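The lines below spell out each chain.
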Amino acid sequence: NALEAWGSGELKDSTDADAIAAELEEKVDALLAERFGLEIPAIVALQGESVKRRLHRFAALQAARAVEGWRVMATERKMKVVYGHTTVAGRCDRIDFNERTGEWCVVDYKTWDSKDRAVAFEQPKDKETGKTIRVWKSLQLPLYCAMLDADPDFPEAKREHITASYCILAPRCQAL
């Protein structure tokens, strides 16, 4: 919820890591106070501090991403794509656009402990042709890409310019 609020706020495209971290910390504190009042249980307070540490690391990565030209276009975006008679719907954590390169990126937040779990696909060689192929471990990211390609609110987002990324909000925050 703190990331969603930040992603639609004034600092969403900031290059100031300290300002992003301060805003996220403020949002976490406000959410805890809203849900638990002034008497926050100790275990919840500890979890809140853990979240703030993770988001502080996220702020540094996010500021660097903004320096590279990435801008947050949407958060918690409901999207869908139709395949024949089947509609696949989902909610994407974040959609970014790079104003320098024209690239789009769907970002999915994860709280995994390890970057190893975030390997979205493998790239083995086809035994017959020798060409590298992409074998997805999960369909979540490619479906988000297809949904963004089909989203009428982002007509300029075309599949050949869309990538996907996990943002791992672990104790050692990492982006892929």
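Residues numbered from 1 in each chain as written. Predicted model: local features only at pLDDT ≥ 70, side-chain atom pairs only at ≥ 80, totals over all residues. Heavy atoms only, no water.

Thoughts on the overall build of the protein
Part 1: Of regular secondary structure, the protein possesses 4 helices and 7 strands.
Part 2: Its C-alpha atoms put the protein at 60 × 35 × 35 Å along the principal axes.
Part 3: Buried positions account for 36% of the 176 residues belonging to the protein.
Part 4: Partitioning the contacts of the protein with sequence separation of at least 6, the portion at a separation of at least 24 is 59%.
Part 5: Only carbon and sulfur atoms are counted for the fraction: they give 51% of the accessible area of the protein, which is about 10600 Å².
Part 6: Of the charged side chains in the protein, 26 are positive and 29 negative; the average position of the first set lies 6 Å away from that of the second. (Helix = DSSP H or I, 4+ residues; strand = E, 2+ residues; numbered from the N terminus. Buried < 20%, exposed > 50% of the residue type's maximum accessible area, 1.4 Å probe, protein only. Contact = heavy atoms within 4.5 Å. Areas by Shrake-Rupley, 256 points an atom, 1.4 Å probe, with all protein chains shown as cover. Lys, Arg positive; Asp, Glu negative; His and termini not counted. Charge placed at Lys NZ, Arg CZ, Asp CG, Glu CD.)

Looking at the packing of aromatic side chains
Part 1: In total, this model carries 4 aromatic pairs according to the counting rule given.
Part 2: Ring centres 4.7 Å apart and planes at 50 degrees place the aromatic pair Phe97 and Trp104 in the tilted group.
Part 3: Pairing Trp104 with Phe154 gives two aromatic rings, centres 5.4 Å apart and planes at 65 degrees, and the pair type is edge-to-face. A residue pair is termed long-range when its members are at least 10 positions apart, and Trp104 in strand β3 (residues 104–110) and Phe154 in the loop between α4 (140–150) and β6 (162–168) qualify at 50 residues.
Part 4: A network of ring pairs unites the aromatic residues Trp6, Phe58 and Tyr109 as a single cluster.
Part 5: Looking at Arg65, its charged tip hangs above the ring of Trp70, at a distance of 4.3 Å from the centre. (Phe/Tyr/Trp six-rings, centres within 6.5 Å; stacked < 30°, edge-to-face > 60°. Lys NZ or Arg CZ within 6 Å of the ring centre and 35° of its normal.)

Examining the pattern of salt bridges
Part 1: Applying the stated criterion across every chain, the model contains 11 salt bridges.
Part 2: Notably, a salt bridge pairs Glu49 with Lys52, separated by 2.8 Å at the nearest N-O pair. In this pair, Glu49 and Lys52 both sit in helix α3 (residues 42–67), 3 residues apart, roughly one turn of the helix.
Part 3: With relative accessibility at 39%, the residue Glu49 sits in the partly exposed group.
Part 4: Among the residues examined, Lys52 registers a relative accessible area of 11% and is labelled buried.
Part 5: The closest approach of N and O atoms between Asp149 and Arg159, which form a salt bridge, is 3.5 Å. In this pair, Asp149 is assigned in helix α4 and Arg159 in the loop between α4 and β6, connecting sequence segments 10 residues apart.
Part 6: Residues joined in a network through salt bridges with shared partners are Asp29, Glu49 and Lys52. (Salt bridge = Lys/Arg side-chain N within 4 Å of Asp/Glu carboxyl O.)

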